[in-house]
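# Analysis of the macromolecular model
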Amino acid sequence: MIYLDNAATTELCEEAREAMRPYLEEDYGNPSSIYLFAQRAKRAVEESRRKLSELMGVSPMELYFTGGGTESDNWALISGIESTGKSHIISSKIEHHAVLRSCAYLEKRGFSVSYLDVDERGRVDPAAVLEAIRDETGLISIMSANNEIGTIEPISEIAEIAGEKGILFHTDAVQAFGQLPLPLGKSRIDLLSASAHKIRGPKGVGLLYMRRGVKLPPYLHGGEQERGRRAGTENVAAIAGFAAAAERAFRTMRERGEKERRMRDYLIRRLTTEIPDCCLNGDPEERLPNNVNVCIRGVEAEPLLLLLDQRGIAASAGSACASGSLDPSHVILALGASREDAYGSLRLSLDERLSREDADRVVSEIKRIADYLRRE
Ligand SMILES: *Cc1c(COP(=O)(O)O)cnc(C)c1O
């Protein structure tokens, strides 16, 4: 199989597997217990927090482990706006559903949300953020990089605007984390979400960064775990795996990114020049190193994906949550594309292990299948 769906999830890396093993096997204690045996589990959680904080250039006290990117986003949005006592949120039309549906939930509870437009490359304009700010604005949430089209957002500039106005700023960095340097040291980001399984860590674990001085009320209520802010017995093995995967991701970021960028640009160039009426979605430069997203006019993504699957190629049409439903991607629509084009978008998210031969095979299969589907 050629796996080109790394934006949906990734293969667990060896480092994460090894880091998890003791806590899946002999060290099964509950970190909250008093006896020495359980203290090994507690130490693993705190050691993982320290490792992650060093990689991110923040304090361990600013990190809270969660059950993944979705929980971190829900926590940031729902508890974030509640903590401000204000009633208005600014976000964008291309956020992940974990953000958009948290916003929709808040709208039903009486909050109002401005969903900013993006340009044809998928960029949020910082000037539009400034313009959308009202007296009641309490929270701004703009993703670091988009999961479907790979566009990198100008979050440092947006964070600065939010900071000057004293408005909380959250960024969903699930796709950017471990893939791009984080601007945490340089800019005033208050809240940041990340997830382990997008960086070759285990599923069901993530983190929420809360800048010192920002204190959101708990979202899950129960025990005193995570300094009383996130109840629930810690997923010790997954947390250890997350830290190990992050260590690998940050250590190899530059070299891995260069390899990915080369293959990304190779795929984009061949697909858009060799397939008639095939164009790139997103920004050619301000783009995640591993994201390819193209529209093939007149070719629906669904049959294309099924035929690729039969040839051993795993790809996606936009986000995994959207596929399987008949709705066209909200992200592609926000770029100004027609519904027909939105149905025809294909996402290939690669990793550094994709060889030139496999890339060539992918291109020739897509060409052949697109040609066949167009003649149907
Ligand atoms: C995958 C993803 C999420 C959700 O993370 P989970 O850990 O799967 O819950 C949120 N935002 C973005 C941008 C993502 O790509």
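Refer to the preceding data block for the structure.
Below is a short write-up of the structure. (Residues numbered from 1 in each chain as written. Predicted model: local features only at pLDDT ≥ 70, side-chain atom pairs only at ≥ 80, totals over all residues. Heavy atoms only, no water.)

### Side note on the packing of aromatic side chains
Rules: Each aromatic pair joins two rings of Phe, Tyr and Trp (for Trp, the six-membered one) with centres within 6.5 Å, and gets the label stacked for planes under 30 degrees apart, edge-to-face for over 60, and tilted for any other angle. For helices the rule is a DSSP run of H or I covering at least 4 residues; for strands it is a run of E covering at least 2, with both sets numbered from the N terminus onward. Only protein chains enter the calculation, and the probe is 1.4 Å; a residue is then buried if its accessible area is under 20% of its type maximum, exposed if over 50%, and partly exposed in between. Placement of a charge over a ring requires the Lys NZ or Arg CZ to be within 6 Å of the ring centre, with the centre-to-atom vector within 35 degrees of the ring normal.
In the structure shown here, the tally under the stated rule is five aromatic pairs. Ring geometry for Y64 and W75: centres 5.9 Å apart, planes at 80 degrees, overall edge-to-face. Taken together, the residues span a long stretch of sequence, with Y64 in strand β2 (residues 63–66) and W75 in helix α3 (residues 69–84) at a distance of eleven residues. A single burial state applies to Y64 and to W75, both of which are buried. Residues F177 and F250 carry aromatic rings whose centres are separated by 5.3 Å and whose planes lie at 75 degrees to one another, so their mutual orientation is edge-to-face. Of this pair, F177 sits in the loop between β6 (168–172) and β7 (191–195) while F250 sits in helix α7 (residues 236–251), and the two are 73 residues apart along the sequence. The burial state of F177 is the same as that of F250; both residues are buried. Ring pairs connect the aromatic residues F65, F177, F242 and F250, which therefore count as one cluster. Sitting over the face of the ring of Y64, R227 holds its NZ or CZ atom 4.2 Å from the ring centroid. Just above the ring of Y266 sits the side chain of R356; from NZ or CZ to the centre is 4.0 Å.

### Remarks on the environment of R21
With respect to the helices and strands, R21 occurs in helix α1 (residues 14–24). Residue R21 is classed as partly exposed on the basis of its relative accessible area, which comes to 33%. Each C-alpha atom of the pair R21 and I199 lies 18 Å from the other, and the pair is 178 residues apart in sequence.

### Describing the pairing of strand β12 (residues 345–349)
Rule in force here: When DSSP finds two or more bridges between two strands, those strands count as paired.
With five of five residues buried, β12 lies mostly within the body of the structure. Going residue by residue along β12, you find S345, R347 and S349 tucked away on one face and L346 and L348 tucked away on the opposite face as well. Relative to β12, strand β10 (residues 291–296) is paired through five bridges, and the arrangement is antiparallel. Residue pairing across strands places C295 opposite S345, the latter belonging to β12.

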